[in-house]
Amino acid sequence: MPGVSFSLNGQTALVTGARRGIGKAAAQALAAAGAEVLGASVSADDRDEFRSFRCDFADRGSVYSLIAALPQIDILVLNAGTIERKPAVDHGDEMWDRVLEVNLTAPFVLARELGRQMVERGRGKIIFVASLLSFQGGINVPGYSASKGGIAQVTKALANEWAGNGVNVNAIAPGYIATDNTEALRRDEARSREILGRIPAARWGTPDDLAGAFLFLASPASDYVHGAILPVDGGWLAR
């Protein structure tokens, strides 16, 4: 299409949680479009597909050490996350604190510190990974729901502040995707059947189903998109 570019040539992207699942699909999509991709995860090592940095996102000091070690970042994909499945009455302080630290605080610190540099340069792309539970309450995952609701609001708040400085801040809200985080649901035959019965596409998503959305939000094609929470959910939210 004339005037539309999805090229990421000359851009450096950081993808957190890039070793597997959604993060790996995002990293591969950005690399295929020409970006130099860096990964960050708690278990990074020399065997990773991309140049990797080790970071424990539950440890604030580790997050700041990562920031200090990074080169200039043009595209930031904040995918790393965790989940604890316990009813609210059993969802203790330690669970709550860890989920909020990994899923909300660490992404905000990374976005704030790297976003400051993008604002100074007058350009940049930040993509948070939200969730269907940015819109819904979920069942037996109160910490996760709170963190992903927070991600949606942080996305909008930063977009309001930085859009005028050439920095796009948006989020992708994956639906039910076959990853480590949903393994327990997929093993539960009754719950899996209930979930599939509501998805118009009638299947679990795969990480590759999200690749195009990441590329769009990372590329010049989305330059006028700010503060969007883009569902990639097989139609779940439309049901």
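It should be noted that the structure appears before, not after, this text.
Residue numbers here run from 1 along each chain, matching the order of that chain's written sequence. Given that this is a predicted model, residues contribute local features only at a pLDDT of at least 70 and side-chain atom pairs are listed and counted only at 80 or more, while totals for whole chains, interfaces and linings are drawn from all residues. The side-chain quantities take in all heavy atoms of the structure and omit both hydrogens and water.

Peer 1: Now, about the pattern of salt bridges: what can you tell me, with residues and values included?
Peer 2: One speaks of a salt bridge when a side-chain nitrogen belonging to Lys or Arg is within 4 Å of a carboxyl oxygen belonging to Asp or Glu. Counting across every chain of the model gives ten salt bridges. Put simply, E113 and R112 hold a salt bridge, and the shortest N to O gap is 2.7 Å. The classification of residues rests on relative accessible area computed with a 1.4 Å probe and restricted to protein chains. Under 20% of the type maximum is buried, over 50% is exposed, and intermediate values are partly exposed. Classification of R112 as partly exposed rests on a relative accessible area of 25%. In this structure, E113 engages R116 in a salt bridge whose closest nitrogen and oxygen atoms are separated by 2.8 Å. Of this pair, E113 and R116 both sit in helix α3 (residues 93–121), three residues apart, which is roughly one turn of the helix. We count a stretch as a helix when DSSP gives it H or I for four or more residues in a row; a strand needs E for two or more, and each element gets its number in order from the N terminus.

Peer 1: Tell me about the side chain of D74, and please be specific about residues and values.
Peer 2: By the element assignment, D74 lies in the loop between α2 (60–69) and β4 (75–78). On the accessibility criterion, D74 (4% relative accessible area) is buried. At a separation of 2.8 Å, a polar atom in the side chain of D74 contacts the main-chain amide nitrogen of T12. In contact with D74, other than residues within four places in its own chain, are G10, Q11, T12, M118, R121, R123, G124 and K125. Any N or O atom pair separated by 3.5 Å or less is treated as a polar contact, with the protein-specific requirement of one donor-capable and one acceptor-capable atom, and with residues adjacent in sequence counted only for side-chain atom pairs. Contact definition: two residues touch when any of their heavy atoms are within 4.5 Å.

Peer 1: So what's going on with unusual backbone geometry? Residues and values would help.
Peer 2: One can expect most non-glycine residues to show negative phi and most peptide bonds to be in trans. The backbone of N140 sits at a positive phi, close to 65°, despite the residue not being glycine. Among the structural elements, N140 can be located in the loop between β5 (124–129) and α4 (142–162). A residue is classified by how much of its surface remains accessible, and N140, at 40% relative accessible area, is partly exposed. Unusually for a residue other than glycine, A202 sits at a positive phi of about 60°. Tracing the sequence through the fold places A202 in the loop between α6 (189–198) and α7 (211–218).

Peer 1: Explain the sheet that holds strand β6 (residues 167–174) to me, using residue names and the numbers behind them.
Peer 2: Strands in a sheet are paired, the pairing made by backbone hydrogen bonds, and the direction either parallel or antiparallel. Note: two strands are recorded as paired if DSSP finds a minimum of 2 bridges between them. One open sheet holds the seven strands; their spatial order is β3-β2-β1-β4-β5-β6-β7, and the pairing between them is parallel. Two strands bound the open sheet, and with one partner strand each, they are β3 (51–54) and β7 (229–232). Each strand of the sheet is rotated relative to its neighbour by a mean of 20°, with strand direction disregarded. Strand direction decides the pairing type here: strand β1 (residues 12–16) and β4, joined by three bridges, are parallel. Across the sheet, A13 pairs through a bridge with I75, a residue of β4. Lines fitted to C-alpha atoms define the axes here, with helix axes fitted over just the stretch in contact, and angles between the N-to-C directions of these axes take values from 0 to 180 degrees. Relative to the sheet, α3 contacts β1, β4, β5 and β6, its axis offset from that of β4 by approximately 170°.

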